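Here's the letter readout for the chains.
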Amino acid sequence: MKELLNVALPKGRLGEKVYQMFARAGFECPEILEDSRKLIFENPQSGVRYFWVKPSDVPIYVERGAADIGVAGRDILLEYAPDVYELCDLGVGKCRMAVAARRGYVDDPSRTLRVATKFVSIAKRHYAAKCRDIEIVHLNGSIELAPILGMTDVIVDIVETGTTLKENDLAVVEEFLPISARLIANRSSYQFKKAQIDRLNASLAAELSEKR
Ligand code: PRP
């Protein structure tokens, strides 16, 4: 029997959207859409096994070969720089990396800027390029709270609709990185399962070019 293609999908809305794209490309596994707490699903007929993974963990599964391929945001790939192949831009999960602050905030360049973020490497690189002295406060979520409580001056975070900023009286200072979901592959899987991965990649590319 042909070996299954192991796919790490980001748990959540983006993962469900991506699953639909993979299903249209011939890698169906209808059981995945059933409402359950199961994390792993396989369909030998279409030669695929899916896992639901916390989005920021997808590159770990792919880099270590537990998954042959996966889907991760460009933000996660730039932050963790995993040793994987990036095969294509899936054109979904679009958002921007931005600096935001309380409405009316004015930067004082003579002071160290306090920055709250989940994306420590991205924030450091962004400010290093501007030669701006910063202090990072590494948070894991609800980043918007930090400037509201006066813990930091700004945040570096993802903005999609802008609703979270708006509802917390924050405003974008600058947007600096467009983000979307990428198909990634483990380096050795890409040799051993090349036919399956290329078939998926080509079907996805055909679907994406039809949309453009
Ligand atoms: C992300 C991000 C923002 C929000 C932006 O948070 O950190 O808080 O989405 O989306 P919007 O512009 O559409 O409002 P996430 O939902 O991942 O939760 P988090 O608080 O755990 O970071």
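Residues numbered from 1 in each chain as written. Predicted model: local features only at pLDDT ≥ 70, side-chain atom pairs only at ≥ 80, totals over all residues. Heavy atoms only, no water.

*Asks:* So what's going on with the nonpolar core? Residues and values would help.
*Replies:* Counting residues in hydrophobic clusters, the biggest one holds 29 residues, and the most contacted among them are Leu9, Phe22, Tyr50, Ile69 and Leu90. Listing elements by their share of this core, those giving two or more residues are strand E1 (5-10), helix H1 (13-24), strand E3 (48-53), strand E4 (69-73), strand E11 (181-185) and helix H8 (194-211). In terms of residues, this core owes the most to one element, H1, which gives 5 residues. Apart from residues lying up to four places away in sequence, Ile69 is in contact with Leu5, Asn6, Val7, Ala8, Phe22, Val62, Leu183, Ile184, Ala185, Ile197 and Leu200. In this structure, Ile76, Val99, Ile122 and Val156 belong to the second largest nonpolar core, which totals 15 residues. (Core = buried A, V, L, I, M, F, W, Y, C linked by side-chain atoms within 4.5 Å. Buried < 20%, exposed > 50% of the residue type's maximum accessible area, 1.4 Å probe, protein only. Helix = DSSP H or I, 4+ residues; strand = E, 2+ residues; numbered from the N terminus. Contact = heavy atoms within 4.5 Å.)

*Asks:* Which residues make up the pattern of salt bridges, and what are the values?
*Replies:* A full pass over the atoms with the stated rule returns 14 salt bridges. Here Lys38 and Glu31 are joined by a salt bridge, their closest N and O atoms 3.0 Å apart. You can call Glu31 partly exposed: its relative accessible area is 30%. Salt bridges sharing common partners tie together Glu3, Asp68 and Lys193. (Salt bridge = Lys/Arg side-chain N within 4 Å of Asp/Glu carboxyl O.)

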